[in-house]
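# Descriptive analysis of the structure
Listed below are the residues making up each chain.
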Amino acid sequence: MPVLVMKFGGTSVATLDRIRRAAKRVGVEVAKGYDVIVIVSAMSGETNKLVGYVEETSPLFDAREYDAVVSSGENVTAGLMALTLQEMDVPARSWQGWQVPLVTTGAHANARIEEIPTDNINAKFGEGMKVAVVAGFQGISPEGRITTLGRGGSDTTAVAFAAAFDAERCDIYTDVDGVYTTDPRICEKARKLDRIAFEEMLELASLGAKVLQTRSVELAMRYKVKLRVLSSFEEMDDAAGTLVCDEEDIMESKVVAGVAYSRDEAKLTLVTIEDRPGIAAAIFGTLADAGVNVDMIVQNVSEENYKGHKGGVTDMTFSCPVNQVKRAEKALADAQAAGALKYDSLEAEENVAKVSVVGIGMRSAAGVAAKMFKVLSDENINIQVITTSEIKISVLIERKYMELAVQALHDAFELEKA
Ligand code: ADP
Ligand code: ASP
Ligand code: MG
């Protein structure tokens, strides 16, 4: 039997009624002759609640126990989905990650999938089971502890299963009917794309478009998984939604394909550090060891004898997710106490956001950065940090201007037009 993977996100399993609606869709695919692997997220809001419990209990939590807590939301929906399908006379059972077993690295809270054995589930398909419901987002480490795959990780579970089972398609059911030129919730002119290239989707996802987890796009690209994003709320035919595909399979190609934003950024500045070889390695090595995901970096101009310091000193500014600020502060303070680093102060600003424009066409088009900066300046938005790559430009700005910046850029690059 051909295998189909169907993933239902948090809003699509938010209530028993929604689970029933999702199960009906699964039933339709079973009736077409598929063996279906259903990947479920936790009910919407559930994971946030669990993360909140952990952070309140232990601000610099042990990630192994964080995983033990936050993985639990998916256990509930997996069991409920299997029960719902059974009530509809569709032979189904649930699997938690460890039962598959979906083996991951030991990088708790942000683990990578290493292996998905297929024998166990295939044996059940062989016995007449029609649907394997698997709890998304979770796995088991080589040490035998429960891991999670990072926020939004059920998308990655789904794509990994599609690759492991050589599925005909991986359908990601969510609360929007596809991938848009930007988040339709903050820009009403956002336009749904019929197709988007893997590389553009990868950039959009990594720059904050949470419609797909970044790693799920990476995996789909590597294993040539046919990946589709569609709505679980609307009736959809087989051609609906957005197909994430190779660049060559897209006719229309604009210089800028989309605008992404990330609200949860913080900007930290290490004030007066020595300007010497090895200083960046010392700072960012310390942060990496502490599990802080540093994104943008700027080293300021060095000054001789600044504030009476002998030799050159400078400031180093970097950004990281806002919920990692405490971790960063502690790691740097510990390094200073241990004599590995010296700085006068660490200034943290938590009111910033990152806005990015993405497009494969930028490889060959000049002037995109200049245009982006002009648009922001016309709106009187100050740019604090800039980073670029071949196919994206990102800026860090004050958070209160984030939506305005996204809308202005969407207009300026005429993304509402096909
Ligand atoms: P799920 O719970 O189904 O995994 P998510 O909330 O993780 O859903 O992702 C879907 C959300 O992603 C949408 O509701 C939308 O607000 C947001 N989003 C951000 N950028 C985009 C985009 N470019 N296209 C579509 N949705 C986007
Ligand atoms: N429930 C997890 C989260 O909210 C995983 C997911 O939904 O993909 O991050
Ligand atoms: Mg998601």
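As a reminder, the structure under discussion sits directly above these lines.
A brief report on the enclosed structure follows. (Residues numbered from 1 in each chain as written. Chains lettered and ligands numbered in written order. Predicted model: local features only at pLDDT ≥ 70, side-chain atom pairs only at ≥ 80, totals over all residues. Heavy atoms only, no water.)

### What about helix 6 (residues 154-164)?
Counting buried positions along helix 6 yields 9 of 11 residues, so the element is predominantly enclosed. Taken as a whole, helix 6 has its buried residues at Ser-154, Asp-155, Thr-156, Thr-157, Ala-158, Val-159, Ala-160, Phe-161 and Ala-162. Asp-166 lies just past helix 6 and shows a positive phi near 50°. (Buried < 20%, exposed > 50% of the residue type's maximum accessible area, 1.4 Å probe, protein only. Helix = DSSP H or I, 4+ residues; strand = E, 2+ residues; numbered from the N terminus.)

### Looking at the environment of Ser-141
With respect to the element layout, Ser-141 can be found in the loop between strand 7 (138-140) and strand 8 (146-148). Between the C-alpha atoms of Ser-141 and Asn-120, which are 21 residues apart in sequence, the distance is 18 Å. Leaving out residues up to four positions away in the same chain, Ser-141 has contacts with Thr-104, Thr-105, Gly-106, His-108 and Thr-147. (Contact = heavy atoms within 4.5 Å.)

### Remarks on the packing of aromatic side chains
Per the stated rule, a full pass over the model turns up 4 aromatic pairs. Seen in terms of ring centroids, Phe-61 and Tyr-66 are 4.9 Å apart; in terms of plane orientation they differ by 15°. Their pairing is stacked. Considered together, Phe-61 and Tyr-66 belong to a single accessibility category, that of buried residues. Between Phe-161 and Phe-165 the ring centres are 5.8 Å apart and the planes differ by 10°, which places this aromatic pair in the stacked class. For Phe-161, a relative accessible area of 0% corresponds to the buried category. Judged by its relative accessible area of 8%, Phe-165 is buried. Arg-327 extends its terminal NZ or CZ atom over the ring of Phe-61, reaching a point 5.1 Å from the ring centre. (Phe/Tyr/Trp six-rings, centres within 6.5 Å; stacked < 30°, edge-to-face > 60°. Lys NZ or Arg CZ within 6 Å of the ring centre and 35° of its normal.)

### Some details on the pattern of salt bridges
Overall, the coordinates contain 23 salt bridges when judged by the stated rule. Between Arg-185 and Asp-175 there is a salt bridge, and its shortest N-O distance comes to 3.0 Å. Linking Arg-185 in the loop between strand 9 (169-174) and strand 10 (195-197) with Asp-175 in the loop between strand 9 and strand 10, this pair joins segments that are 10 residues apart in sequence. Residue class for Asp-175 comes out partly exposed when judged on its relative accessible area of 31%. Ionic pairing is found between Glu-349 and Lys-267, a salt bridge with its closest N-O pair at 3.7 Å. Here Glu-349, found in strand 17 (residues 343-358), pairs with Lys-267, found in strand 13 (residues 258-274); they are 82 residues apart in sequence, far enough to count as distant. Judged by relative accessible area, which is 34%, Glu-349 ranks as partly exposed. Through salt bridges with shared partners, a single ionic network connects Glu-199, Glu-247, Arg-363 and Glu-390. (Salt bridge = Lys/Arg side-chain N within 4 Å of Asp/Glu carboxyl O.)

### Quick notes on the site of ligand 2
Near ligand 2 the following residues occur: Ser-41, Ala-42, Thr-47, Glu-74, Phe-137, Arg-151, Gly-152, Gly-153 and Ser-154. Within the contact set of ligand 2, an oxygen atom lies 2.9 Å away from a side-chain nitrogen or oxygen of Ser-41. One of the side-chain nitrogen or oxygen atoms of Thr-47 is found 2.8 Å away from a nitrogen atom of ligand 2. Burial of ligand 2 by the protein amounts to 86% of the accessible area it has alone, namely 260 Å². Class assignment for the residues of the shell around ligand 2 results in 2 nonpolar, 5 polar and 2 charged. (Near = heavy atom within 4 Å. Polar contact = N/O pair within 3.5 Å; in protein donor to acceptor, adjacent residues only side chain to side chain. Areas by Shrake-Rupley, 256 points an atom, 1.4 Å probe, with all protein chains shown as cover. Nonpolar A, V, L, I, M, F, W, Y, C, P; charged D, E, K, R; others polar.)

### Quick word on the site of ligand 1
Taken together, 16 residues surround ligand 1, and among them Thr-174, Asp-175, Tyr-180, Asp-183 and Arg-185 come closest. Between ligand 1 and Lys-7, the relevant distance is 3.1 Å, taken from an oxygen atom to a side-chain nitrogen or oxygen of the residue. Between ligand 1 and Asp-183 there is a distance of 2.8 Å, counted from an oxygen atom to a side-chain nitrogen or oxygen. When ligand 1 sits alone it has 570 Å² of accessible area, and the protein chains cover 89% of it. Per-class residue counts for the shell around ligand 1 are 6 nonpolar, 5 polar and 5 charged.

Nothing here speaks to function; it is geometry throughout.
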